[in-house]
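The residues making up each chain are set out below.
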Amino acid sequence: MASRSADALLTTAGTASADDIVPLTTSHWVGLYNYPNTSGGKIGWGDVPPGGAVYAQCWTVGESIGTYGDTWYRVNQVNYGNGWYWTGNAYVFAGYADNNAHSVNRDPNIPPCRS
């Protein structure tokens, strides 16, 4: 019976191919926003520090910030360096997260957002 449960877990985990972990590789702290812009406000969680990570579901175009572009990741989990936390849907600015390294079809597991 334990084997069947393990198989079910592996099968379930294997179907989540449209998400990927994005390590924060810049020196920026990354805010978690309600929409792919800063004017919509933050969701109430603290900013994720450099060296943390986010679990990206997809990427989308939103507010442009400086020379970093206009691409945002929709995320649902964050890692502050001490484990993963479920945040519900939020948006992080890809330029501050990883200089857009996983966005705009550079990571096959992070597709464009559909809605």
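Residues numbered from 1 in each chain as written. Predicted model: local features only at pLDDT ≥ 70, side-chain atom pairs only at ≥ 80, totals over all residues. Heavy atoms only, no water.

Chemist: What am I meant to see in the overall build of the protein here?
Modeler: Secondary structure summary: the protein contains 2 helices and 6 strands in total. Secondary structure elements of the protein, listed N to C terminal, follow the sequence α-β-β-β-β-β-β-α. Out of the 115 residues in the protein, the part that is buried amounts to 37%. Working note: accessible area of the protein is about 6,300 Å², and carbon and sulfur atoms make up 53% of it. (Helix = DSSP H or I, 4+ residues; strand = E, 2+ residues; numbered from the N terminus. Buried < 20%, exposed > 50% of the residue type's maximum accessible area, 1.4 Å probe, protein only. Areas by Shrake-Rupley, 256 points an atom, 1.4 Å probe, with all protein chains shown as cover.)

Chemist: Sorry if this is basic, but what is going on with the packing of aromatic side chains here?
Modeler: Remark: the centre distance and the inter-plane angle together describe each pair of aromatic rings, the angle taken between the planes. Per the stated rule, a full pass over the model turns up 7 aromatic pairs. By way of ring pairs, the aromatic residues Tyr33, Tyr68, Trp72, Phe93 and Tyr96 are connected into one cluster. (Phe/Tyr/Trp six-rings, centres within 6.5 Å; stacked < 30°, edge-to-face > 60°.)

Chemist: Please clarify how the environment of arginine 106 should be interpreted in this entry.
Modeler: By the secondary structure assignment, arginine 106 is in the segment after helix H2 (94–98). For arginine 106, a relative accessible area of 52% puts it in the exposed group.

Chemist: So what exactly am I meant to see when it comes to the state of the cysteines here?
Modeler: Here, the word disulfide means a covalent bond between the sulfur atoms of two cysteines. Under the criterion given, the structure shown has 1 disulfide. The disulfide that involves cysteine 58 links it to cysteine 113, with 1.9 Å between the sulfurs. The sign of the 90° torsion about the S-S bond sets the cysteine 58-cysteine 113 disulfide as right-handed. Residue cysteine 58 is located in strand E4 (residues 53–61), and its partner cysteine 113 is located in the segment after H2; the two are separated by 55 residues in the primary sequence. Exposure remark for cysteine 58: the relative accessible area of 2% places this residue in the buried category. (Disulfide = S-S within 2.5 Å.)

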